[in-house]
There are 2 protein chains.
Amino acid sequence: MLQSHLFAKTLREAPKDDVSVNAEFLIRGGFVDKLVAGVWTYLPLGLRTLENINAIIREEINAIGGVELYMPALQPRDLWETTDRWKVEEMYKLKDRGGRDMGLGWTHEEAITKIALSHISSYRDLPQYAYQIQTKFRDEPRAKSGIIRGREFLMKDLYSFNATREELDVFYEVVKGAYNKIFKRVGLKAYCVEASGGAFTKEYSHEFQVVSDAGEDEIIYCKECLFARNKEVIGDVVNCQSCKKPLATSKSIEVGNIFKLGTKFSEAFGLSFTDENGEKKPVIMGSYGIGPGRLMGTVVEVSHDDHGIIWPESIAPFRVHVLALSSSVNEEAQKVIFDLEQNKVSVLFDDRFGKTPGERFSDADLIGIPWRIVISEKTVKAGKIEVKKRAESEATLMDIGAFLRLIC
Amino acid sequence: MLQSHLFAKTLREAPKDDVSVNAEFLIRGGFVDKLVAGVWTYLPLGLRTLENINAIIREEINAIGGVELYMPALQPRDLWETTDRWKVEEMYKLKDRGGRDMGLGWTHEEAITKIALSHISSYRDLPQYAYQIQTKFRDEPRAKSGIIRGREFLMKDLYSFNATREELDVFYEVVKGAYNKIFKRVGLKAYCVEASGGAFTKEYSHEFQVVSDAGEDEIIYCKECLFARNKEVIGDVVNCQSCKKPLATSKSIEVGNIFKLGTKFSEAFGLSFTDENGEKKPVIMGSYGIGPGRLMGTVVEVSHDDHGIIWPESIAPFRVHVLALSSSVNEEAQKVIFDLEQNKVSVLFDDRFGKTPGERFSDADLIGIPWRIVISEKTVKAGKIEVKKRAESEATLMDIGAFLRLIC
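Computed from a predicted structure; not experimentally measured. (Residues numbered from 1 in each chain as written. Chains lettered and ligands numbered in written order. Predicted model: local features only at pLDDT ≥ 70, side-chain atom pairs only at ≥ 80, totals over all residues. Heavy atoms only, no water.)

> Before we move on, could you go through the sheet that holds strand β20 (residues 347–350) of chain A and cite the residues and values that matter?
All names here are of chain A. Pairing in this open sheet of five strands is mixed, and the strands run β20-β19-β21-β22-β23 from one edge to the other. Edge strands, defined here as strands with exactly one partner in the open sheet, are β20 and β23 (395–398). Recorded for the sheet is a direction-independent mean angle of 25° between the axes of neighbouring strands. Across four bridges, strand β21 (residues 371–375) lies against strand β22 (residues 385–389) in antiparallel orientation. The partner of Val-374 across the bridge, within β22, is Glu-386. Running over the sheet, helix α9 (residues 330–342) touches β19 (320–324), β20, β21 and β22 and is turned about 170° from β20. (Pairing = 2+ DSSP bridges. Helix = DSSP H or I, 4+ residues; strand = E, 2+ residues; numbered from the N terminus. Axes fitted to C-alpha atoms, helices over the stretch in contact; angles between N-to-C directions. Contact = heavy atoms within 4.5 Å.)

In structure tokens form, the structure reads like this:
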């Protein structure tokens, strides 16, 4: 991919109205553009990163039996009246031509339960695990945390339908495992924290929290064990329940949450099934969310330096950033790119020969692709390429074969 | 994929309020679910089909230099006032918490032109070709054509930014070529028809029309040549301009459209660039749309029989539908599925042993996967599988090796 064809350029300055680190670097790097507060465009670099996150989520959710579908945002008022959630202030509401009240979906428990009415009626139809990666709308009072808190944002929402409470309990733990894999793979250390059910359910739920000053939550956690609690929940406990060491307190970003819904939605909609003995029972449900854009913003918050983003290889928009310092070495650069792409390594090629090397090095640091290769008359004369990891300061001369052995 | 895990079942009846063939078969087959008129869920079978269409579109648009981004639906009133399109009746309008007027995007010329202001300022920044596959909202007065006319629907919209009119003219023809490939690959014969620019521009534009009684447009076309015209445009011409034979008239479905926007949007937003001589000029734009869901519905309209859908292999949700007629041959079925999946053939396995063979054959015809394999005690005894193409009536006994040679 040619950097000059990316539609978006790096910018010297980001708007001053959003002070978060992720907004600053993602806007300046040409990953996103802000239309209004909380409403973002994912530019090509940003969309590639987001899609890498989505691919990891899909792999892990498919692996635990999830099947993907896609539900709409436009939803009629009566759907929400069924569960008495039409009144929720975060829901954007509008009237269509016919004067009918419609809301924009901020979650999809109601929508999927209604669909399930046509498709689940017998124990033979259970269990079902359906998810989507789809756009949600929430009229947030504050939306100042870059892409971490959007008014329009992507969400992976998974819904489980089981015949028994025991099956739900097992699947709930299975989802915890999948979530831990997802966060680890995108480069985040997330604590699984017990929390209240909030607007969803009176049952307990779990949040996944990443320690960061950019967070809006607060957790108490043990730096050595996996022990962590939401500060509202734990009260005044001061030592780790496992290792007895003092607990630390930190701001944190909620990157996922999981809920045992039980029969709340199935009873509201009359979603029941006939069991093996012909007895009619309500379906037992669960709901599991992750925001891919929020994950992306959180990675920027925890993985950057003064110069820009440091993407983990797993979600970086490209693996290698190739800079040919002058058009005189373009031919050699093309050979290197050919070798990389033949080995399925994705490459962003900085073809902006009109810019100074200094500007281009700065842009590479800002964009944060894991490996930078510089090709100059000096490296060509030496028959080498100059390789630098984004996270390290030292560059090394090596030949392309050695580099391929290093990263493939 | 197990048919019992698809979340959705086949249904005996579709709602009576939508009489289109595509709604009937897609609802009954478990591909889609209607929330309200024009607002659809894509169930797992439907989403797989839609994503196959999206993949073809992405390949062809990437091949002509398109880069993908993703713009939001929530858009402030002032964006639309810039081009005097806030008044458009099809736009859903709402007020947010702060009382600010917002519209839901029914197209994205305004949004992308505004983004381009930050990223295009010099001839060095041109050309740019950016597209998205994203959800649009239009408050359609009628929405009775199944997924062909939605109030919320997916759209591939591509926007071109050029320095000169000549460059736009060349790219416009390049897009025509890509569109023809896309329609052919998804299994449609689309005529490229000259049309008025409509709400977009006073310049001429082109529509791509598929002959079908389900259409809302009308074209006059030559069955032998590629000649075709919108009936409104052509007037009373009765013979083909190429072969001079009499023209046919038919209803048709518009599956794509392309517009030369010229400087309409760049002038409204002040999107200009400095050319090689330091002269400031407005950027020359174009806009190119295809609705993937509409394509999917159109394929159903033109490719079905009395029993159900006949998917082209290129977009079918799975290539092979395997039916094991009894649980006693399940092990043999698993071997066949293993062989198919090892050869990268996607398989839907009908594991619903509780249903009669008759019900399962009917469902297979309704769902319309291109190849049906039946495994029964009879076929196992013969050491064969029974193969039938959805579009043909005769089944053939063959061994799995022969089948793999046939389709791989």
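> Account for the nonpolar core, naming residues and giving values.
If you look at the biggest cluster of nonpolar residues, it comprises 79 residues, and the most contacted ones within it are Phe7(A), Phe161(A), Phe7(B) and Phe161(B). Ignoring anything within four residues of it in the chain, the contact list for Phe161(B) reads Phe7(A), Ile112(B), Ala116(B), Ile120(B), Leu126(B), Pro127(B), Gln128(B), Leu271(B), Val283(B), Ile284(B) and Met285(B). Among the nonpolar cores identified, the runner-up in size contains 59 residues, and Tyr131(A), Leu168(A), Ile182(A) and Phe318(A) belong to it. (Core = buried A, V, L, I, M, F, W, Y, C linked by side-chain atoms within 4.5 Å. Buried < 20%, exposed > 50% of the residue type's maximum accessible area, 1.4 Å probe, protein only.)

> I'd like a description of unusual backbone geometry, backed by residues and values.
Excluding glycine, most residues fall at negative phi; most peptide bonds, likewise, are trans. Backbone torsion omega between Leu126(A) and Pro127(A) reads -5°, so that peptide bond is classified as cis. As for its position among the elements, Pro127(A) is in the loop between α4 (109–119) and β7 (128–137). A positive phi is found at Lys244(A), a non-glycine position, where the angle reads about 70°. The topology assignment puts Lys244(A) in the loop between α6 (231–234) and β13 (248–262). You can call Lys244(A) exposed: its relative accessible area is 57%. You will see that Phe7(B), though not glycine, has its phi angle at about 70°, which is positive. Taking relative accessible area as the criterion, Phe7(B) reaches 1% and is therefore assigned buried.

> Lay out helix α2 (residues 44–63) of chain A in plain terms, naming residues and giving numbers.
All names here are of chain A. Given a rise of 1.5 Å per residue, 20 residues ought to cover 28 Å, and the 28 Å separating the end C-alpha atoms of α2 matches this to within 8%. By the burial criterion, the buried members of α2 are Pro-44, Leu-45, Gly-46, Leu-47, Thr-49, Leu-50, Ile-53, Asn-54, Ile-56, Ile-57, Glu-60 and Ile-61. Looking one or two residues beyond α2, the residue adopting positive phi is Gly-65, at roughly 100°. (Expected span 1.5 Å × (residues − 1).)

> Break down the side chain of Arg352(A) for me, citing the residues and quoting the values.
Residue and element names in this part refer to chain A. Structurally, the position occupied by Arg-352 is in the loop between β20 and α10 (357–367). Here the side chain of Arg-352 touches Asp-363 through a polar contact of 2.9 Å, side chain to side chain. Leaving out residues up to four positions away in the same chain, Arg-352 has contacts with Gln-3, Thr-10, Arg-360 and Asp-363. (Polar contact = N/O pair within 3.5 Å; in protein donor to acceptor, adjacent residues only side chain to side chain.)

> Let's hear about the interface of chain B and chain A: which residues, and what values?
Taken together, the contact pairs 56 residues of chain B with 56 residues of chain A. Summing the contributions of chain B and of chain A, the shared interface buries around 5200 Å²; its carbon and sulfur component is 63%. The largest per-residue losses of area from chain B upon contact with chain A belong to Phe7(B), Arg97(B) and His119(B), which jointly make up 17% of the total buried on that side. Here chain B is connected to chain A by six salt bridges. Note that Glu89(B) is salt-bridged to Arg97(A), the shortest N-O span being 3.8 Å. Across the chain B-chain A interface, the total number found is 22 residue pairs in polar contact (both at pLDDT 80 or more). Split by residue class, the side of chain B that touches chain A holds 33 nonpolar, nine polar and 14 charged. (Buried area = accessible area lost by both parts, 1.4 Å probe. Salt bridge = Lys/Arg side-chain N within 4 Å of Asp/Glu carboxyl O. Nonpolar A, V, L, I, M, F, W, Y, C, P; charged D, E, K, R; others polar.)

> Requested: an account of the pattern of salt bridges, with residues and values cited.
Counted under the stated rule, the structure contains 58 salt bridges over all chains. Arg77(B) is the partner of Glu81(B) in a salt bridge, and the nearest nitrogen-oxygen pair spans 2.6 Å. One end of the pair is Glu81(B) and the other is Arg77(B), both in helix α3 (residues 77–81) and four residues apart, which spans about a single turn. With relative accessibility at 37%, the residue Glu81(B) sits in the partly exposed group. Under the relative-accessibility criterion, Arg77(B) is labelled partly exposed at 34%. Within the structure, one salt-bridge network assembled from shared partners comprises Arg77(A), Glu81(A), Lys95(A) and Asp101(A).

> Please set out the packing of helix α1 (residues 21–28) of chain A against helix α8 (residues 292–302) of chain A residue by residue, giving values where relevant.
Residue and element names in this part refer to chain A. Relative orientation of the contacting elements α1 and α8 amounts to 100°, with a least axis distance of 8 Å. On the basis of the axis angle, α1 is roughly perpendicular to α8. Note on element contacts: α8 touches α1 through Met-296, Gly-297, Val-300 and Glu-301, opposite Val-21, Asn-22, Phe-25 and Leu-26. Residues belonging to the contact of α1 with α8 are distributed by class as follows: five nonpolar, two polar and one charged. (Parallel < 35°, antiparallel > 145°, perpendicular 65-115°, else oblique.)

> Describe the environment of Asp125(B), and please don't skip the residues or the numbers.
Within the secondary structure layout, Asp125(B) lies in the loop between α4 (109–119) and β7 (128–137). A polar contact of 3.1 Å, which involves the side chain of Asp125(B), links it to the side chain of Lys9(A).

> Pulling in residues and values, what's your account of the sheet that holds strand β20 (residues 347–350) of chain B?
Residue and element names in this part refer to chain B. Read across the sheet, five strands follow the order β20-β19-β21-β22-β23 without closing on themselves; strand pairing throughout is mixed. The strands lining the two open edges of the sheet, one partner per strand, are β20 and β23 (395–398). For this sheet, the mean angle separating the axes of adjacent strands, direction not counted, is 25°. Relative to β23, strand β22 (residues 385–389) is paired through four bridges, and the arrangement is antiparallel. In the sheet register, Glu-386 faces β23, and the bridge partner there is Leu-397. Its contacts with the sheet place helix α10 (residues 357–367) against β19 (320–324), β20, β21 (371–375) and β22, and it is angled at close to 175° to β19.

> Outline the packing of aromatic side chains, listing residues and values.
All names here are of chain A. Per the stated rule, a full pass over the model turns up 25 aromatic pairs over all chains. The interplanar angle of 85° and the centroid separation of 5.7 Å between the aromatic rings of Phe-171 and Tyr-288 together place this pair among those described as edge-to-face. You can see Phe-171 sitting in helix α5 (residues 165–185) and its partner Tyr-288 sitting in strand β16 (residues 284–290), a full 117 residues away along the chain. Of the two residues, Phe-171 and Tyr-288, both sit in the buried class. Centre to centre, the rings of Phe-349 and Phe-353 are 6.5 Å apart; their planes meet at 70°, and the pair counts as edge-to-face. Judged by its relative accessible area of 4%, Phe-349 falls in the buried class. (Phe/Tyr/Trp six-rings, centres within 6.5 Å; stacked < 30°, edge-to-face > 60°.)

> Give a description of the pairing of strand β11 (residues 217–221) of chain A that names residues and reports values.
Residue and element names in this part refer to chain A. As defined by bridge partners, β11 adjoins β13 across five bridges and the pair is classed as antiparallel. Residue pairing in the sheet places Ile-219 in a bridge with Ser-250 of β13. Of the pairings in the sheet, the one linking β11 to strand β12 (residues 228–230) comprises three bridges and is antiparallel in character. Bridge assignment links Tyr-221 to a residue of β12, and that residue is Ala-228. The hairpin formed by β11 and β12 contains six residues between the paired strands.

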